[in-house]
Amino acid sequence: MSSATSSGASSSPSPVPPALQGLRVLDLTRLLPGPVAALRLAELGADVLKIEAPGAGDPTRAMMQSSSDRVAGRPGAFYRLVNRGKRETRLDLKSEAGRNVLRALAAEADVLIESFRPGVMERLGVGYETLRAANPRLVYCAISGYGTSGPFVDHPGHDLNYIGYAGVLDQLASRDGTPILPNFQIADLLGGALSAVTQILAALWHVSRGGAGRFIDVSMAHVTHAHNIVSQVGLVNDGAAPAAGGGLLNGGVPCYNLYRTLDNRWLAVGALELKFWETLCMALDRPEWATRHWSLGQAIGGPDAAALTQELADMIGKRALEEWVRLLEPLGCCVSPVLTPAEAARHPLFDPQALAAASGGENEAEADDRFIG
C-alpha cells in the first residue's frame, strides 16, 4: 500500500485566500456609512485605497479624538476603527490634476464608493457617466441620506433624521411613548454600510458574468424604511404599528421582555417559542406559568400578559444579574444578560483570550465574575 505522505509527516490544507483578494476599491467617503462599507470589503480581502482631501483630510480624524491621541498627533479611535486595513492617499478633486489622477485610478478599479451630496461628483467632472466611459466595468456606489433623486435629494441629514423619517425612531420608545436616542447608528450602518456592501457584491457578480458595471444609489432613509418590517406587519393587520409595550416584540408579552434585577441590571428574556418558555417556567419553579403564553391564546398586550409580566418582574428583581445568568444561561431558554459594551468586549463570544481562559479550567462562578459586573 502506498502513502501520499512520508512517515511522520502530516498534510494540512492550504490557507484559503480571502474571497475578495485582488478586488480594487476606491473609497472617497467620510464619517460612518461609507468608511464602514469599504472596511467590510477590506476585511474580505479587497485592496481599498482611501482618498482624502489635502490638508486636514477626513474630518473624522479629529472626531471623538482623545487627549492622548491629540498629544501624539494621531487620528482618533473612530477614524482608526473604520479605516483599518486601507491604504491612503490625498487628492484635491477641485484641481484638474487631482481629477485626472482619480480618473486614472477609476480606470483600473473595480469599485468606487462615495458619499458626497448628490450632484457633487458630477459638478467636479468625475461623476459616474464620466468614469464609466473610461471603465465600463466599474461598480460605482453613491451613499446618501435620501437618494440621488426624489423630493429630498438636496436635504442634509444624519442618522437620527433618517430613522425619524423611516418610522423607526417612533418604534424605539419607552412605555410612555417617548422616543429614545440610540447610541447605535441604525440608518448609517444598516441602511448605508450593509446595504452598500450587499448591492456592490451583487453588481460584482453581474460584472463577473460578463455584464457591464452599474451605478448603485443607496438611500439610507429608504433602506431603513424597507427594513421596518414588524411595524409594517402591524400596518397591514391593524392599520397601525403596535404601541410601545403592546406588541409581540416590544413588551406586550412576558416571554419576550426586559426585567430589572436586584443589582439594578437588566435581564433579557427572549423565550418567544413555547418550548423555551416552558423550560424557563420549570427553572423558576413556576410550572403553572407555562400555559400563559401568546401561542396558547394569551392576548398580546392584554391584561393577563401585563399581570404575568409584573409577576415575573417581581421575581427577577429578587436576585442579582449574575445569579440569574448562572441559573438560566446553561438551560438554553433564550435568556441573557444585558451587557455593557465593556463587558461585551471581554466576553468569550467576542474575545478569543477570554474564551481560552474560560475553557482552561475557570470554575463557573469565576467565569461569571469575569464577564458580568
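Residues numbered from 1 in each chain as written. Predicted model: local features only at pLDDT ≥ 70, side-chain atom pairs only at ≥ 80, totals over all residues. Heavy atoms only, no water.

**Here we look at the confidence of the model for the chain**
Move 1: Per-residue confidence for the chain averages 92 on the pLDDT scale, and 93% of its residues sit at or above 70.
Move 2: For the stretch residues 1-9, pLDDT sits under 50, and the model shows one contact to residues farther than four places along the chain or on other chains.
Move 3: Below a pLDDT of 50 lies the segment residues 362-373, which in the model reaches 28 contacts outside its immediate sequence neighbourhood of four places, other chains included. (pLDDT = per-residue confidence, 0-100. Contact = heavy atoms within 4.5 Å.)

**Quick word on the packing of aromatic side chains**
Each aromatic ring pair is described using two quantities: the centre-to-centre distance and the angle formed by the ring planes.
Move 1: Counting across every chain of the model gives seven aromatic pairs.
Move 2: Taking the centre distance of 5.6 Å and the plane angle of 50 degrees together, the rings of Tyr128 and Phe215 count as tilted. Of the two residues, Tyr128 is situated in helix α6 (residues 128-134) and Phe215 in strand β6 (residues 215-219); the sequence distance between them amounts to 87 residues.
Move 3: Under the relative-accessibility criterion, Tyr128 is labelled buried at 6%. (Phe/Tyr/Trp six-rings, centres within 6.5 Å; stacked < 30°, edge-to-face > 60°. Helix = DSSP H or I, 4+ residues; strand = E, 2+ residues; numbered from the N terminus. Buried < 20%, exposed > 50% of the residue type's maximum accessible area, 1.4 Å probe, protein only.)

**Thoughts on unusual backbone geometry**
Move 1: In this structure, Leu31 is a non-glycine residue whose phi angle is positive, near 65 degrees.
Move 2: Relative to the elements of secondary structure, Leu31 occurs in the loop between β1 (24-27) and α1 (33-43).
Move 3: The partly exposed category is assigned to Leu31, whose relative accessible area is 31%.
Move 4: Unusually for a residue other than glycine, Met64 sits at a positive phi of about 55 degrees.
Move 5: Following the sequence through the fold, Met64 ends up in the loop between β2 (47-52) and α2 (67-72).
Move 6: By relative accessible area, Met64 is classed as exposed at 63%.

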